[in-house]
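Below, each chain spelled out in residue letters.
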Protein chains: 2
Amino acid sequence: MKVSQTFIPTLREVPADAVIASHRLMFRAGLLRRLGNGLFAYLPLGLRSFRKVENIIREEMNATGSLELKPSVVVPGELWKESGRWTSMGESLLRVKNRLDADLVVSPTAEEAFTALVRDELSSYRQLPLSLYQINTKYRDEVRPRYGVMRGREFTMKDAYSFHADEESLDKAYNDMGRAYRRIFKRCGLTVIPVKADSGAMGGSGSEEFMVESEIGDNTLLLCKSCDYSANVEKAECRPDFSAPASAEDAKAAAASTPAITKIDTPDVKTIEELCAFLKCDAKNFIKTLIYRAENVELDLTGAPGHKAQGKTKGEALAEAFFAVLIRGDLDINETKLAAFLKAAEVNLASEADILRLTEAPVGFAGPVGLTSMPVIADFSVRAVSDGVTGALVKDLHYKHAAYGRDFEAWKCGDLRTVKAGDGCPLCGEELYEKKGNELGHIFKLGNKYSLSMNVHYLDANGKSQIPIMGCYGVGVDRTMASVIEEHHDEDGIIWPITVAPYHVIIVPVKYEGAVKETSDKLAGDLTREGIEVLLDDRDERPGVKFKDADLIGIPWRIVVGDKNLIGDKPKVEVKRRTEKENALVELGCVVQDLTGKIREELAAANPQP
Amino acid sequence: MKVSQTFIPTLREVPADAVIASHRLMFRAGLLRRLGNGLFAYLPLGLRSFRKVENIIREEMNATGSLELKPSVVVPGELWKESGRWTSMGESLLRVKNRLDADLVVSPTAEEAFTALVRDELSSYRQLPLSLYQINTKYRDEVRPRYGVMRGREFTMKDAYSFHADEESLDKAYNDMGRAYRRIFKRCGLTVIPVKADSGAMGGSGSEEFMVESEIGDNTLLLCKSCDYSANVEKAECRPDFSAPASAEDAKAAAASTPAITKIDTPDVKTIEELCAFLKCDAKNFIKTLIYRAENVELDLTGAPGHKAQGKTKGEALAEAFFAVLIRGDLDINETKLAAFLKAAEVNLASEADILRLTEAPVGFAGPVGLTSMPVIADFSVRAVSDGVTGALVKDLHYKHAAYGRDFEAWKCGDLRTVKAGDGCPLCGEELYEKKGNELGHIFKLGNKYSLSMNVHYLDANGKSQIPIMGCYGVGVDRTMASVIEEHHDEDGIIWPITVAPYHVIIVPVKYEGAVKETSDKLAGDLTREGIEVLLDDRDERPGVKFKDADLIGIPWRIVVGDKNLIGDKPKVEVKRRTEKENALVELGCVVQDLTGKIREELAAANPQP
């Protein structure tokens, strides 16, 4: 393809709102343009790389035996009402009323559509397992789209859904997908960090996120310096501090030498910071007491102190329950872990009114000593506090010398803290460190969340009606492509891995005329016939401009054809890798074979047989 | 691919709402399922054919030098407001308000998006011509979606837009596209009727529609029995009746022997039918007078009788003007032709109040004799009426013996009639006949409609700012695929042309075990290695069921592997074309080479080099 015959509007200027490299470079290299807020158009060069990423994903999906479908992007709202997500999904779901007042959804994901399709076709266990996918347009109504296609409103996602008769079959599909994902990212030249992720709003259990490190990542990852533990902070566990007593009995023993608990006046001193300043001591000496309101609690509360006082004991899940949650003053509660611990749909800090009602004190003076109006839950860190400061359930009063096991106890203890850099790895105890990451892919055991709510049934070998279990597996195509650029660029531009480069080779004639033109055209023709993808910069521009553009658009191999090198009985051209600074002079007679061999080798190495 | 490893849910039953063959067969053959009203999902088999149609279109577009982009499907409403189509498009445009109250459009077509993209990049005439396209999801909010994907709400369309400095360049692109379209449909095995189409709401002039004949077609086509004239009824011309006088003078001469014009009582007789019955004569003897209200009339009305009486002479386009339009009683006015004749944006029958005001008579008694309140326009057919009946501008009164040129004259005459079967071809005079057709593609000279309203400029060779002119070119992918099935099926199922068949060959082992299994597997492997696409029906079903399904899904070649034919020293298999009734026994040793040769030949013949 000649540059003059395609459309590559490169820019010297950086778009004002482009703060990350991929956003800047996708615009500057003429891969992408903006149509609206979070809405983009891929231009010819960008689309070529996009399709290569898409095809790598398609090949790996097909290799797992998953079957590609193409459902509509706009789907009836009815399907989302069946699953319950019409209401639970929040405002990022683009809901549309059409001219006939029918509810429609511009799909952000397609559990409903695939479940509905399978529901209508599934009758026998012999049809299972079934794995289906699409690579299709999605829309999520981001409030603040940014970072180009990294967080756009419309995007392309590969989403797969599998249906199974039993856990074993789901496990197999889940593991196959995990392997396919690793291959996808490897083939794209990406270094991903697979992390055990929290299940979030998706329901179910068993999931893995594929992250790339990113300065603007919206996930905080915790990684072990020693072993391969990695986790999203939302779900990261940690080893309890080594100093923490192993049990309530140990705690009591540790408290033996602590002075008796004493009330202290703390006029208008409510926060941990204020207390630290007032008492001139460290946050580690405090016991923070947070009152949480939990919704749809499935944890068995039988025998929980204070539970009856809340007057709600009936039913399987408790619609509303309050808990006093204790944690050491220097640590934070991880609400996702707390919700999981309580088996609650959601947890939120209680309102001031509820706190006043339940603790009989204003906000800032809650504490576990003598608290009987609700169950007390403690992070493991609190068991190690044998001489602490905590609220006294009275305005302007705190306790000092409060000791766990002696002055108060929790109904239940657990790992509820937000893990942070420096904490101990739950696997090996070594120190954890933090990275910011962006999610490129997610594999997930859904269980029967959708098959149950949407009434999917099949007959098992005994003719008995059963509900299949499901897995879902997503990869963002745009984000994967942008991440390739994040990982592979320098100050001059993109450095495409050969597998997803828009072209393999760019030929730059120093001046496109005479022998240089002829040689360039012949090289382009010869390489193309060998299956090499060639861009020929035939523009009437200064060599410097062409070199700058070649670096910017990041084609892996560059051939410069100059008139001086063509003189003599051994005409030569300059060959340079985008990754290297130095040219090599290669004899014209060898260059096609040489380069073809190298590129084929590189491609083969990058696309290993499964 | 083994049938057991893919997902082809064939049906014996015909879906209740499927009235056309393609709709029935796409469901029965397991190509498609329904997600909602006018919303569908392609299943694996259907998607394979869909992609092949898509790729044929892509190859032919690329061959014209058009460049593929991928804009978002959801675009800002602002773009549509700029072009004016936010309001003019009507309710088929799916407008969405997002959570931030921004207006969005789920694109039904993309003139706005492409024009906006080019606007931002175009600076010099050297960048022109520029031809860009996408193959992407579209949505049109059909009130009554039907016929499966033939008239769905969501669909996939290839839409191309070209930008030019002059008409000559636009003509070239337009003609190139016309040739590409002919090749696309030919490669898909479709017989299309290219017709000169009316420009409709798109504006501009110069357009061609590519139609396929269809019982449920929403276009009426007029074709000549003798020459290759073809037209959409909306724009079809015809030769004036041979009996018609050539001029107003001839008309006067023809009226010489007509008795003097006479008033007749016609109490409560208003319609042509009532008049025919009342006067016992043929509709051909009547002069129908219809009062039209036209909007934004650009026709020069200087000197038009009655025009000043309407009190609106200023400005370039007249916002509103009324016309008395005459046509022979047995014919109908073609409002599209009338609007074009008047250079009006729209024409509609006038309201009863306007008719009363302008003709001073109730509806049903308008006539040209003595009518001075507005310009009189006549279809050519009226000039031949030398002895006619027409309204007398008085309630319950008509004239008889009205003669054109003697008793009344039109300000202007033109071809305003709706052409119908039996009328004379405008090219050769031979009889026209009618067909119902569905539009698959449309190529169209847009002129500067979008570049003007959306402010696109470039500098010409003299450094002067100019507005480019545009063309647009669309093909419906789903509809093309469905049309292939409409044209290629029999009572047993689909008969795919080799170019768009989901697989080239289906291998049907009579029973998938032992030597039959081994032979089938080997054949599948050998053919696949030759690049032939093979489906292997490995199901544990009776041969009859497999044969029925093979016919239903319409794979072009079928190989039946039976145990009896494998016995002996010259083992054989049965080979059958889907189009033929009879099997051929082919030696196992030859079948791969034979079939590969035939299929390659067929493919090459169907994909001729440009």
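Rules used throughout
- Residue positions are counted from 1 within each chain, in the order its sequence is given.
- Chains carry letters from A onward and ligands carry numbers from 1 onward, assigned in written order.
- Given that this is a predicted model, residues contribute local features only at a pLDDT of at least 70 and side-chain atom pairs are listed and counted only at 80 or more, while totals for whole chains, interfaces and linings are drawn from all residues.
- With hydrogens and water stripped out, all remaining heavy atoms of the structure feed into the side-chain values.
- Elements are defined by DSSP. Helices are runs of H or I of four residues or more, strands are runs of E of two residues or more, and each kind is numbered from the N terminus.
- When checking whether two residues touch, look at their non-hydrogen atoms; a contact exists if any pair is within 4.5 Å.
- Reported accessibility uses the Shrake-Rupley method at a 1.4 Å probe radius. Residues are deemed covered only where the shown protein chains occlude them.
- By the counting scheme adopted, Arg and Lys are positive, Glu and Asp are negative, and His together with the chain ends is not counted.
- The atoms used to mark charge sites are NZ of Lys, CZ of Arg, CG of Asp and CD of Glu.
- Three exposure classes are used, based on accessible area relative to the maximum for each residue type with a 1.4 Å probe and protein chains only: buried under 20%, partly exposed in between, and exposed over 50%.
- At least two DSSP bridges between two strands are needed for those strands to be called paired.
- Between the rings of Phe, Tyr and Trp (Trp by its six-membered ring), a pair exists once the centres lie within 6.5 Å; its type follows the angle of the planes, with under 30 degrees stacked, over 60 edge-to-face, and the other angles tilted.
- Note on method: axes are straight lines fitted to C-alpha atoms, helices fitted across the in-contact stretch only, with angles between N-to-C directions ranging 0 to 180 degrees.
- Under this scheme an angle from 65 to 115 degrees is roughly perpendicular, one under 35 degrees roughly parallel, and one over 145 degrees roughly antiparallel; angles in between are oblique.
- By definition, turning the near helix anticlockwise from the far helix through less than a right angle yields a left-handed crossing, and turning it clockwise yields a right-handed one.
- When residues are grouped by polarity, Ala, Val, Leu, Ile, Met, Phe, Trp, Tyr, Cys and Pro land in nonpolar, Asp, Glu, Lys and Arg in charged, and all others, Gly among them, in polar.

J.: Please give an account of the overall build of chain A that cites residues and values.
T.: Across its full length, chain A carries 17 helices and 32 strands. Nonlocal contacts in chain A, meaning residues at least 24 apart in sequence, comprise 72% of its contacts between residues at least 6 apart. When the accessible surface of chain A is totalled, it reaches about 25,700 Å², and 49% of it is carbon and sulfur. Averaging the locations of the 80 positively and 92 negatively charged side chains of chain A gives two centres separated by 2 Å.

J.: Explain the pairing of strand S30 (residues 557-561) of chain A to me, and be specific about the residues and the numbers.
T.: Residues and elements named next belong to chain A. Among the five residues that make up S30, five are buried, leaving the element largely enclosed by the rest of the structure. Neither face of S30 is open: one carries Trp557, Ile559 and Val561, the other Arg558 and Val560, and all of them are buried. Across five bridges, strand S28 (residues 505-509) lies against S30 in parallel orientation. Considered in S30, the bridge of Val508 is made with Val560.

J.: A description of helix H5 (residues 111-121) of chain B should follow, citing residues and the corresponding values.
T.: Among the eleven residues that make up H5(B), nine are buried, leaving the element largely enclosed by the rest of the structure. Residues of H5(B) that are buried: Glu111(B), Glu112(B), Ala113(B), Phe114(B), Thr115(B), Ala116(B), Leu117(B), Val118(B) and Glu121(B).

J.: Summarise the packing of aromatic side chains; cite the residues concerned and give the values.
T.: All names here are of chain A. The full count for this structure, using the stated rule, is 14 aromatic pairs over all chains. Ring centres of Phe185 and Phe210 lie 5.9 Å apart, and the angle between their planes is 35°; this geometry places the pair in the tilted category. Of this pair, Phe185 sits in helix H6 (residues 167-187) while Phe210 is found in strand S11 (residues 207-213), placing the two residues 25 residues apart along the sequence. By relative accessible area, Phe185 is classed as buried at 0%.

J.: Help me get a handle on the packing of helix H2 (residues 44-63) of chain B against helix H13 (residues 477-487) of chain B, residues and values and all.
T.: Residues and elements named next belong to chain B. The N-to-C vectors of H2 and H13 enclose an angle of 115°; their axes lie 10 Å apart at closest approach. As judged from the angle between their axes, H2 and H13 are roughly perpendicular. Considering only the axes of H2 and H13, their crossing is right-handed. Residues Gly46, Ser49, Phe50, Val53, Glu54 and Ile57 of H2 form the contact with H13, whose participating residues are Val477, Asp478, Thr480 and Met481. Considered class by class, the residues forming the contact of H2 with H13 number five nonpolar, three polar and two charged.

J.: Provide a residue-level description of unusual backbone geometry, including the pertinent values.
T.: Note the cis peptide between Leu128(A) and Pro129(A), where omega equals -5°. You can see Pro129(A) is positioned in the loop between helix H5 (111-121) and strand S8 (130-139). Residue Asp268(B) is not a glycine yet carries a positive backbone phi of 60°. Within the element layout of this structure, Asp268(B) appears in the loop between strand S14 (262-265) and helix H8 (272-279). The class for Asp268(B) is exposed, based on a relative accessible area of 55%. The phi dihedral of Lys280(B) falls on the positive side, at around 55°, and the residue is not glycine. Its place among the elements puts Lys280(B) in the loop between H8 and strand S15 (287-297).

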